[in-house]
Each structure stands twice: as C-alpha cells, then as structure tokens.
Amino acid sequence: MYDYDLLVVGSANADLVIGVERRPGAGETVLGSDLAVHPGGKGANQAVAAARLGARTALLARVGDDAHGRLLLDSQRSAGVDTVGVLVGGAPTGVALITVDPSGDNSIVVSPGANGHLTPADVRAAGSLFQAARVVSAQLEIPLETVTAVAASLGPDSRFVLNPSPPQPLPAVVLAACDPLIVNEHEAKVILGDSATGDEPEDWARLLLAKGPRSVVVTLGSEGALVASPAGLVRVPSVEVEAVDTTGAGDAFTAALAYRLGTGASLADAAAYAARVGAAAVTKEGAQVSFPTAEEVEAL
C-alpha cells in the first residue's frame, strides 16, 4: 500500500507576473500591468495540480527562509500537499520573472535560488518518501545531478515521469528510467541534438524512444499530444478553450498524467485526461491558482 499517489521532486519559485501589450525586444522598455506575485515553480506547480485533482501528493523541494518561501509552503498546504519533504534555507527562494501578452503567451526568466541547492544528498535522505510513492515526477529546474539521484532512488514498483524543462541533454541512466518522458517541440529538439531530423512529432517521438525512455509523450499545445511507446504511436486530441494565460499549463498536464498513470490508466488515457486538465488551466490567470479540481475537469 502506497502512502502517496505522487511524489514530486523539483523547484518551488515565487512567480512575479506582469501583463504586457507585447514583449520587449533587445534594449527596449515597455510598460506593463501592476506586479502580481503567485506561488509557482514547476515542482510546486505539479504538486498543487495533482493534489487539486485528488491525488495524495508529497513535494520534495527547497525554499528560502523568507517571505516567498512562506508563500510557497502556505500554498502547498492549503492544496493538501504533504510538505514533510520541503527543506528550508541555504539560499533565497527561487524567483520566476514572467511577462504575459494579450494572447496568453508568456516569456519566463528564472533565478533558481534555493532550487539550485537541492542536492543528491537531500534525495538520498528522503528515501522513505520514494518507497512510499506510486509515481515520482521531476523536472529540470533543479540540478541535473539531483534528477539523476531521483532516477536511482525509485521504489521497486514506482514509475518515473520526467518533463525535461528547461531542456538539456540527459544521461542514459535518466532516459532509461523515464516512463514517460514528456516534451514539447523545443524540448524534444534540444534533447535530440544533432540527431534531430524530420518536422513531424512522430519523427521526434521515434527518435526519442530510440534513446532509451520506456515511453514518450510529445505535447502539442492546442493540438493535444502524441503518445509513443514500443507498442506504437497514438494522437490524443485537446479541448478547445479560450486561452487567458498559459503559465503552468504544462505542469498541470504532467501532474495529471502522472496521477492517472498511478491509478492504473493506460498512457493514452492518462494523456487524454491530462490534455483536458491543461486546457482548463489556461482559462484562468496565474499558475497554481488556475489549476482545476477533478469536478471542473469533468465539467469541461
């Protein structure tokens, strides 16, 4: 019996968000809206998204001993996330500077802060969390060596889900643990590097599978997603909605997919559910505050 449906290992940031009519070019200054501060970070986002869907969720992360860190801890706890694995101190809390244009598209610059101090030793010290988790999810806003330690710390029957964002080449031991590896077009091409060929998601998925993951999911925004495994490739449609803010939508997708896999859903069914969750998330501003409940997903 597992204590957690999902253990998320990753970043926790304060999102500093400004709306703009258009994003500035090099050397250019534009005026924006009033500054809004939201709890964010890919790890913290995924934990809240899963918990709001009803998953028993824990977070392993590091925040600073500051106001932003307290904001993040309060957000996790209010969503029902177990914060026993959240470490405090070592550096200021990470910060993401986000601009959002009228179409809902965003540009993000991240200062890692305490996220860069989440170490392999922290992962090894949290061994009991890994043994208690049905699915473990990670991203790349923490050091790659820490993600590598996560891949080596999985319980015997635990499933590992990785969204390699921001993207970088991955060691074979991490790729081999992924089931699935979740990428968008940009992330796929960075990981494939010189081997990137073809213009279709099916091409990228096949090449990524050849690198060692047990399965791959390519997210395609408004076009849904592509699921790839040794059994074949399946397109998963999205849901048409009016996008307000895409911040955190990928995190909501990953969290929903990881949670559903833990309930025994097939990868294609989990991705279809995750696409609905991601669609619901873009209909509201912000990251964590936009994540839907299970009831809201069903209504969509």
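Residues numbered from 1 in each chain as written. Predicted model: local features only at pLDDT ≥ 70, side-chain atom pairs only at ≥ 80, totals over all residues. Heavy atoms only, no water.

**Overview of the overall build of the protein**
Of regular secondary structure, the protein possesses eleven helices and 13 strands. The C-alpha atoms of the protein give 18 Å as radius of gyration, which agrees with the globular expectation for 300 residues (19 Å, within 12%). Taking the principal axes of the C-alpha coordinates as reference, the protein spans close to 50 × 45 × 40 Å. Relative to all contacts within the protein whose residues are 6 or more apart in sequence, the contacts with residues 24 or more apart total 65%. For the protein, the exposed area adds up to about 12,400 Å²; of that, 52% sits on carbon and sulfur atoms. Within the protein, the 34 negative side-chain charges are centred at a point lying 6 Å from the centre of the 19 positive side-chain charges. (Helix = DSSP H or I, 4+ residues; strand = E, 2+ residues; numbered from the N terminus. Rg over C-alpha atoms; globule rule 2.2 N^0.38 Å. Contact = heavy atoms within 4.5 Å. Areas by Shrake-Rupley, 256 points an atom, 1.4 Å probe, with all protein chains shown as cover. Lys, Arg positive; Asp, Glu negative; His and termini not counted. Charge placed at Lys NZ, Arg CZ, Asp CG, Glu CD.)

**Section: the pairing of strand S11 (residues 216-219)**
With three bridges joining them, strand S10 (residues 178-183) and S11 adopt parallel strand pairing. Paired with Ile 182 across the strands is Val 217, a residue of S11. As paired elements, S11 and strand S12 (residues 225-229) share four bridges and run antiparallel to each other. Bridge assignment links Val 216 to a residue of S12, and that residue is Ala 228. Between S11 and S12, which pair antiparallel in sequence order, lie five residues; one of them, Gly 221, sits at a positive phi of approximately 60°. (Pairing = 2+ DSSP bridges.)

**Points about the packing of helix H9 (residues 249-262) against helix H10 (residues 267-281)**
Remark: H9 packs on H10, axes separated minimally by 8 Å, with the N-to-C direction vectors making an angle of 145°. Between H9 and H10 lies a crossing whose hand is right-handed. Here Ala 249, Ala 252, Phe 253, Ala 256, Leu 257, Arg 260 and Leu 261 of H9 come into contact with H10, specifically with Leu 267, Ala 270, Ala 271, Tyr 273, Ala 274, Ala 275, Val 277, Gly 278 and Ala 281. When the residues that make up the contact of H9 with H10 are grouped by side-chain class, the tally is 14 nonpolar, one polar and one charged. (Axes fitted to C-alpha atoms, helices over the stretch in contact; angles between N-to-C directions. Left-handed = near helix turned anticlockwise from the far one by under 90°. Nonpolar A, V, L, I, M, F, W, Y, C, P; charged D, E, K, R; others polar.)

**A word on the packing of helix H1 (residues 42-52) against helix H2 (residues 67-79)**
Across the interface, H1 lies against H2 with an axial gap of 9 Å and an inter-helix angle of 20°. When the axis of H1 is compared with that of H2, the two are roughly parallel. Crossing hand, H1 versus H2: left-handed. Contacts from Ala 44, Ala 47, Val 48 and Ala 51 of H1 reach H2 at Leu 72, Ser 75, Gln 76 and Ala 79. Here the residues of the contact of H1 with H2 are counted per class, giving six nonpolar, two polar and no charged. (Parallel < 35°, antiparallel > 145°, perpendicular 65-115°, else oblique.)

That is the geometry; function is a separate question.
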